Amino acid sequence: PGPPVPPLPAAPPPTAPPRPMVGGAAIDIQAAAVDAKVLLRGKRGEVLAVVFRNFDGAHGRHVVKSADIRPGESNIRPGTAKAMAEPGRTSSLTKGNSISNDNFEVLFNSSQPRSLDALRAVRAAVWAVEESEGQQQSRIFAAAEEGLDCSLRVHDFPLKQEGAAPSKLARMFYGLSSDQFNWCRVLDRKEGGRMHGHVDEDGTDGVVLLNLGECDMFFDQPGRCKARQTRETWCVGGGGGGEGHWVVWDDAPHKGKESRYRTEEHYTHLLRDRLCAACARGEKGRECRSCERVRLRSGDVVAFSGCAAFHGVRAVYREQPPPPTARGSLPDWMESRLGLGHRVSVQWRLTDRKRAEAKRLNESRAFAASGGEGGPSAAPPPAATFRVDPAVVDSLSAMGFPREDALAALAAAFGDAARAVDYLVDPSSVPASRAQGGREGEASRGARTMAERIRS
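None of these values were measured; they are calculated from a predicted model.

Peer 1: Got a minute to help me understand the overall build of the protein in this structure?
Peer 2: For the protein, the helix and strand inventory stands at 11 helices and 18 strands. Counting every position in the protein, which comprises 456 residues, the buried fraction comes to 54%. Put simply, 76% of the contacts in the protein that link residues at least 6 apart link residues at least 24 apart. For the protein, the computed accessible surface area is about 19800 Å², with 51% contributed by carbon and sulfur atoms.

Set out below in structure tokens:
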């Protein structure tokens, strides 16, 4: 259970519904709330995910304009954005396993969005939906704004095409030693965009997602969903109408005669022949029946609780018919991808600053205290010295990060390779205790050095 949830603010007078400005257009909050569809509820019926169709009335044009996204201000260095879906990729932002499963590219990432107008308008619409149902406490936007950090990310999900190249394998290091790795699968973008089902890391508050293009997302309660969330979870068999599918636990057990996971050392996260047990028998593999699937089109906005709503992307489709907006109404770098049939998402993510920082510090201390293999939480000794295997540094360098930045990030992360990637992609995620000095010694100096170098 998290901290106490503050009550919703007083409802706006019904005679004067709020009409906040988003990208130069007035948004009718009450009308958006009336037309909204609740996608997921909690065990007590509370709203956990809701979709607003064509929220701004212009298929996303006003929301994108309001966001004022400037690619040159992204925290991601040119040429490294694809690292999220290529060799050396890690997943420290979600609960679950991105490796071998997801197929998308991060186009933009910023910890300091230029505008929060769209986010606040959606939040007002969510509060209106919750209030109309008599819900007195918000589960989507639970924390007070002054205690939250906000990041803005843009993701590109490619359209599935014929002739995808066979997948390749790459080492994914999870510790300090050269033998602490698993083989992961490197996917061809022609396989099509997707994101495994997951919940976001502890401390995540509300998430607002603008969809451009066409895709299927799915939502469920974390404890109810039967989809497998660890190891390789995508089957290329015919269970999804010939286009592949996310597997359920019964078709992909860890052990036993029905297990399809390889048993060789370092290969245990991979499915044999990329098939679940049902598809390997020539049957139709199953997907989770309790997941609520929703087809999204350009301009649809989804708001959900990042750490309470299990969510993912199943498939991307070429949008038919295209939205009736004039060509050129979106930035060229978005238009070019949408013209190829891709799906582009613009996402605002709110994070409880104190909870997220405490979680990261505890994880790093536990990693350091255990020699990189997990274990009880303990503070590292002052001025600790971390032995980093050169193979781990080589893995980070292969992602496009300068070697000196990789070394500094590993020191700041107490040797945790997954956390180091998080710091390299977003230097603002380095906990203040490490970025400002203190008793962490070498870790503090590493954080400052890395952050200063990357931010410059």
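There is more to say, and it comes next.
Peer 1: Before we go on, may I ask you to explain the pattern of salt bridges in this structure?
Peer 2: Pairs can form between side chains of opposite charge whenever their charged atoms are close. Scanning the entire structure with this criterion turns up 33 salt bridges. Between Glu232 and Arg274 there is a salt bridge, with its nearest N and O atoms 3.8 Å apart. Of the two residues, Glu232 is situated in the loop between β12 (214-220) and β13 (234-235) and Arg274 in the loop between β14 (245-246) and α4 (277-280); the sequence distance between them amounts to 42 residues. We classify Glu232 as buried; its relative accessible area is 1%. Overall, the relative accessible area of 11% leaves Arg274 in the buried class. Arg297 serves as the salt-bridge partner of Glu319, at 3.6 Å between the closest nitrogen and oxygen. Pair noted here: Glu319 is in the loop between β17 (310-317) and α5 (332-339) and Arg297 is in the loop between β15 (292-296) and β16 (301-305), with a separation of 22 residues, a long-range link. Taken together, the salt bridges that share partners define one network made up of Arg185, Glu191, Arg194, Glu232 and Arg274.

Peer 1: What exactly am I supposed to notice about unusual backbone geometry here?
Peer 2: Among all residues except glycine, the phi angle is most often negative; among peptide bonds, the trans geometry is most common. Gln320 connects to Pro321 through a cis peptide bond whose omega is -10°. When you line up the elements, Pro321 lands in the loop between β17 and α5. Of note, Asn54 is a non-glycine position whose phi angle comes to about 45°, a positive value. The phi dihedral of Asp273 falls on the positive side, at around 60°, and the residue is not glycine. Locating Asp273 in the fold gives a position in the loop between β14 and α4. Given a relative accessible area of 61%, Asp273 falls into the exposed group.

Peer 1: How should the packing of aromatic side chains be read in this particular structure?
Peer 2: Centre-to-centre distance and the angle between the planes together describe a pair of aromatic rings. Counted under the stated rule, the structure contains seven aromatic pairs. Taking 5.6 Å as the distance between ring centres and 90° as the angle between the ring planes, the aromatic pair formed by Phe181 and Trp183 counts as edge-to-face. Each member of the pair Phe181 and Trp183 is classed as buried. Taken together, the aromatic side chains of Phe181, Trp183 and Tyr267 make up a single cluster linked through ring pairs. Over the face of the ring belonging to Phe181 we find Arg171, whose NZ or CZ atom lies 5.1 Å from the ring centre. In this structure, Arg231 is placed above the aromatic ring of Tyr261, and the distance from its NZ or CZ to the ring centre is 5.2 Å.

Each value, and the rule that gives it
Residues numbered from 1 in each chain as written. Predicted model: local features only at pLDDT ≥ 70, side-chain atom pairs only at ≥ 80, totals over all residues. Heavy atoms only, no water. Helix = DSSP H or I, 4+ residues; strand = E, 2+ residues; numbered from the N terminus. Buried < 20%, exposed > 50% of the residue type's maximum accessible area, 1.4 Å probe, protein only. Contact = heavy atoms within 4.5 Å. Areas by Shrake-Rupley, 256 points an atom, 1.4 Å probe, with all protein chains shown as cover. Salt bridge = Lys/Arg side-chain N within 4 Å of Asp/Glu carboxyl O. Phe/Tyr/Trp six-rings, centres within 6.5 Å; stacked < 30°, edge-to-face > 60°. Lys NZ or Arg CZ within 6 Å of the ring centre and 35° of its normal.

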